[in-house]
Amino acid sequence: MINPYESLDRSEQRRRRRRNRKIIVALQLTAIVGIFAAGGIFIGSRLLHRGTPDPSAPVIAENSTGGAGTDGSGAGAAAGTDGAGDGVIALDPESSAPQYDSPAGALLAQADRLAAGYDYDAAITLLQNDASYSSLPEVQEAIAGYEATKATLVRTPISEITHVFFHSLIVDPSKAFDGDPDEGGYNQVMTTVSEFEKMLQAFYDKGFVLVRLHDMAYETTDENGNPVMKAGDIMLPEGKTPFVMSQDDLCYYPYMDGDGFATRMIIGEDGKPTCEMKLDDGSVSVGAYDLVPILEDFIQEHPDFSYKGARAVLAFTGYEGILGYRTSSAYADSPTYEQDRQEAAKVAQCLKDNGWELASHSWGHLNLGTIEWDRFQTDTDKWENEVDSLIGPTDIILYPFGADIGDWRLYTTENERFNYLYAAGFRYFCNVDSNQYWVQLGDTFLRQGRRNLDGYRMWKDISAEDPSHRKLDDLFRSEDIFDPARPTPVPEM
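Everything numeric here is computed off the predicted structure, so don't read it as measured data.

Calculation criteria
- Residues numbered from 1 in each chain as written.
- Predicted model: local features only at pLDDT ≥ 70, side-chain atom pairs only at ≥ 80, totals over all residues.
- Heavy atoms only, no water.
- Phe/Tyr/Trp six-rings, centres within 6.5 Å; stacked < 30°, edge-to-face > 60°.
- Helix = DSSP H or I, 4+ residues; strand = E, 2+ residues; numbered from the N terminus.
- Buried < 20%, exposed > 50% of the residue type's maximum accessible area, 1.4 Å probe, protein only.
- Contact = heavy atoms within 4.5 Å.
- Salt bridge = Lys/Arg side-chain N within 4 Å of Asp/Glu carboxyl O.
- pLDDT = per-residue confidence, 0-100.
- Pairing = 2+ DSSP bridges.
- Right-handed = clockwise from strand over helix to strand, strands pointing away.
- Axes fitted to C-alpha atoms, helices over the stretch in contact; angles between N-to-C directions.
- Parallel < 35°, antiparallel > 145°, perpendicular 65-115°, else oblique.
- Nonpolar A, V, L, I, M, F, W, Y, C, P; charged D, E, K, R; others polar.

1. Overview of the packing of aromatic side chains
- This model, assessed by the stated rule, comprises 26 aromatic pairs.
- Ring plane angle 10 degrees and centroid distance 6.3 Å describe the contact between Y186 and Y255, whose orientation is recorded as stacked. Residue Y186 is located in helix α6 (residues 183-189), and its partner Y255 is located in the loop between β13 (241-247) and β14 (264-267); the two are separated by 69 residues in the primary sequence.
- Assessed through its relative accessible area of 2%, Y186 is described here as buried.
- Classification of Y255 by relative accessible area gives partly exposed; the value is 42%.
- Plain terms: the ring middles of Y411 and F429 are 5.4 Å apart, the flat faces sit at 80 degrees to each other, and that makes the pair edge-to-face.

2. A short note on helix α3 (residues 120-128)
- Where α3 is concerned, the buried positions are Y120, A122, A123, I124, L126 and L127.
- In the core, the buried residues of α3 are packed alongside α2 (105-116) and α4 (137-150).

3. Comments concerning the pattern of salt bridges
- Summed over all chains, the structure comprises 20 salt bridges.
- Of the charged contacts in the structure, one is a salt bridge between K460 and E492, with a shortest N-O distance of 3.7 Å. Of the two residues, K460 sits in helix α13 (residues 455-462) while E492 sits in the segment after α14 (478-481), which places them 32 residues apart along the sequence.
- Residue classification places E492 among the exposed positions, given a relative accessible area of 54%.
- Each of the salt bridges in this network shares a partner with another, and the network as a whole consists of R470, D473, R477, E479 and D480.

4. Regarding the confidence of the model for the protein chain
- In this model, the protein chain carries an average pLDDT of 85, and 80% of its residues clear a pLDDT of 70 or more.
- Per-residue pLDDT stays below 50 along residues 1-13; that stretch engages in 20 contacts with residues further than four places along the chain or on separate chains.
- Taken together, the stretch residues 19-96 has pLDDT below 50 and engages in 155 contacts with residues farther than four places along the chain or on a different chain.

5. Some details on the pairing of strand β20 (residues 428-432)
- Counting buried residues along β20, four of its five residues qualify, which places the element largely inside the surrounding structure.
- One ladder, built from three bridges, connects strand β19 (residues 396-398) with β20; its direction is parallel. Directly across from L398, in β20, lies its bridge partner C430.
- As a crossover connection, the stretch from β19 through helix α12 (residues 416-423) into β20 is right-handed.
- Here β20 pairs with strand β22 (residues 446-452) via five bridges, running parallel. Bridging from a neighbouring strand, Y428 pairs with L446 of β22.

6. What to know about the packing of α2 against α4
- Where α2 meets α4, the closest approach of the two axes is 11 Å, and the angle between their N-to-C directions is 5 degrees. For the element pair α2 / α4, the angle class is roughly parallel. Residues L108, A111, D112 and A115 of α2 form the contact with α4, whose participating residues are E138, V139, A142 and Y146.
- For the contact of α2 with α4, the per-class residue count stands at six nonpolar, no polar and two charged.

7. Details of the sheet that holds strand β16 (residues 284-287)
- Spatially, the three strands line up as an open sheet ordered β14-β15-β16, and their pairing is antiparallel. On the outer flanks of this sheet lie β14 and β16, each paired with one strand and no other. Each strand of the sheet is rotated relative to its neighbour by a mean of 35 degrees, with strand direction disregarded.
- Inspection of the sheet shows β14 paired to strand β15 (residues 273-278) by four bridges, in the antiparallel sense. Bridge pairing in β15 places M265 opposite C275.
- On the sheet, helix α9 (residues 291-301) packs against β14, β15 and β16 and is oriented at approximately 135 degrees with respect to β15.
- Lying on the sheet, helix α10 (residues 337-353) is in contact with β14 and β15; it crosses β14 at an angle near 70 degrees.

And the structure:
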């Protein structure tokens, strides 16, 4: 059984490590400024982009752009190490990056961070565009190394890219699995923090690399100016496997209160998205209590787990609000309604700034393939009015219940539901499919099946008598991941 307060302690340890890093960073930057003033050189440590620009820090180079994906949209641009684009260079004393005894040490370390995320073009551009250091032998050597590595990359067909998804993570299984009426649902469709952390390590050990839906395909125009969808070029080293990750219902619904989940998402002291969790005594703790901050921490430690700053897709409904804020019009009479909408919009922008893709899960969590046509239209319009207005336009929809608006054949203009969603701006459509991968590229859209990594799916693998019925072995052995705190057997959905 997981003790939630052990999780809280780990979170507190993370925060202390971050504070210690900031102190060390400040001391190092002070030393660097002094050395520059004396006309000396400095030894560069591994560099990260984070925080708010420090006007006293030495200017190393202008941030580069590009490397954001095949559509050139700039998501996860090379200016930041993780798609954040903060533009601040800070030393990380815990990094295992090479150290450079060179005046260009900081610049080289910044380029190494970009290259670690497979953005070799951005790393090369960064070095070439710095007039102060571009002619140095060590800089030229680094450029040659990036060029040589880039030449060895291989393309993965988008038809062979898997997509896994989660719901809100269970922080305290003793509260989620306490025998109340919600236990069965949690056991079926939720994943515990322990399981998620083990999965991340298993993905990494097998060479999986996060990519965006927008890396898989991008919208452009044909010779007549008509919009068309083109397959992207995802170039990775041999042995690396791209995959997409998403999270549904990132809303922290009221029914989850007291059941061992985070309660809302906020912007942390370091400018990154993180979570609040209400404790039994009514106090609130801030920490890595859900997928976003846990995955963010993992990528910071393993930058080669993210392709050019990619993060996961985060999907919202609207009927209660998003991100733990009561932003639905049903709460319009609440004295905190406007404040909730403002705070939710800030957090959503922070997520986008840090490389996360935002998506619709419909406004009312409805089966969009079977509901009445009038209700379908109303739900889509409510999403635009109540959620798009907070997070900005999004072109991704993750179908509730995994229920598509068509069969396996390509969408056509004869499908009025597709037409309506397309007119609303959607170009990426994701259902649920337990197969390893199912990808369909149409003339104007990308369609992809997703795989649920939850209690139900893992238990199906564990209890399968026929090995051919195991669906997750390409990712991990469910027996190695399954949380012993779960009630068993996990019932049919």
